[in-house]
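Report on the structure
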Amino acid sequence: MSDPAQPHDKLFKALTDDPQRAGALIRERLPAAIVALLADAPPELVEGSFIDPELRGSQSDRLFRVWMASGAEAYLYTLVEHKSVPDPGLPLQLLGYMLRIWQRHAGRDAAKLRSLPPIIPLVVYHGARTWTIPTAFGDLLAAAAADPAVRRHHLDFTYILTDLGRIDDAHLSQQQSLRAGLLALKYALQATDPWPVLVSILEALPENDPLIRPLLVYILSVYEDVDRPMLVRAIHQTKPKGEATMLSLAAREWIAEGRAEGEAKGRAQTLLRQLARRFGPVSDTVRAKVNAADLDTLDLWLDHVLDAPTLDAVFDESAGQ
């Protein structure tokens, strides 16, 4: 597994593609006082990401348009933190993302700029360690800012934290498929016995649910201790009625995985031959780096090797930009 962040991102987006699941996540994780202000209409997904490119490997985000019972428009910005350890820089990053949302919403429209909709920030964290970062932005300011004369010139906001690791499995969600997805996220970065986790995920997942395929892909991509025999046994135990369908989906993923591994191996060998011809014998370090790369990265390096002036330039991600 070269990069677990992409599977995390794909699963979270699969979870929140469905308006009912997204609505359940919002209503179950926001404070009751805010939920009471919301209209009954399901949230509307707003396409696009606001995350800095260099952070996309450790974060996912989703922006939803929600409506208040009063008829006013608001935004719910959900940021998912994929790191095992809480990132102290996240509140500042979150502030930047909120600014971008308002800028995209209003543009240069004077009327919109004078009536910005509220943004409710929700952070979902599934790392192994307890979240220790302040949830109030004002708590990050230096002691000098505590003086009222200074503090009035500084903004403040509070984000809502959902630390999946601190929530009992049964209380992750009342919505079955959402609970299955959150269970998968919760244990993905923790060192634990995979069997009971796998059984719990599959037991929570309704028969023939559209989330079955994204969940199987996620489990096969992220849970390193879940091998094929274990997954087959878990499906047989938890989903006897849907066993044939689920095993068929799993088999397709295994076939696709094998094809991708075969393609990557072939391209890695091609790249190593070209590196040797251009720059001389390849070190064990470079060989290991090439063999561990995914298809997209190998394609990028194959493009670079054609005209890179040095070996290091082949692996320079900024080359050609």
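What counts, and where the lines are drawn
Residues numbered from 1 in each chain as written. Predicted model: local features only at pLDDT ≥ 70, side-chain atom pairs only at ≥ 80, totals over all residues. Heavy atoms only, no water. Buried < 20%, exposed > 50% of the residue type's maximum accessible area, 1.4 Å probe, protein only. Helix = DSSP H or I, 4+ residues; strand = E, 2+ residues; numbered from the N terminus. Pairing = 2+ DSSP bridges. Salt bridge = Lys/Arg side-chain N within 4 Å of Asp/Glu carboxyl O. Axes fitted to C-alpha atoms, helices over the stretch in contact; angles between N-to-C directions. Contact = heavy atoms within 4.5 Å.

Quick look at the pairing of strand β3 (residues 73-81)
Of all nine residues that make up β3, eight are buried, and the element is covered over most of its length. Bridging between strand β2 (residues 59-67) and β3 involves nine bridges; their strand directions are antiparallel. Counted as the bridge partner of Arg62 is Thr78 from β3. Bridge analysis of β3 against strand β4 (residues 119-125) gives seven bridges, and the strand direction is parallel. The partner of Glu81 across the bridge, within β4, is Tyr125.

Notes on the pattern of salt bridges
Across all of its chains, the model carries eleven salt bridges by this definition. Here the salt bridges share partners, and the residues they tie into one network are Glu44, Arg65 and Glu73.

Concerning the sheet that holds strand β5 (residues 160-163)
Strand order across the open sheet formed by five strands is β1-β2-β3-β4-β5, with mixed pairing between neighbours. The outermost strands of the open sheet, each flanked by one partner alone, are β1 (44-46) and β5. Pairwise comparison of adjacent strand axes, ignoring direction, gives a mean angle of 25° for this sheet. Note that β4 and β5 share four bridges and pair parallel. Paired with Tyr125 across the strands is Asp163, a residue of β5. Sheet strands touched by helix α2 (residues 19-29): β2, β3, β4 and β5. Its angle to β2, the strand with the most contacts, is close to 85°.

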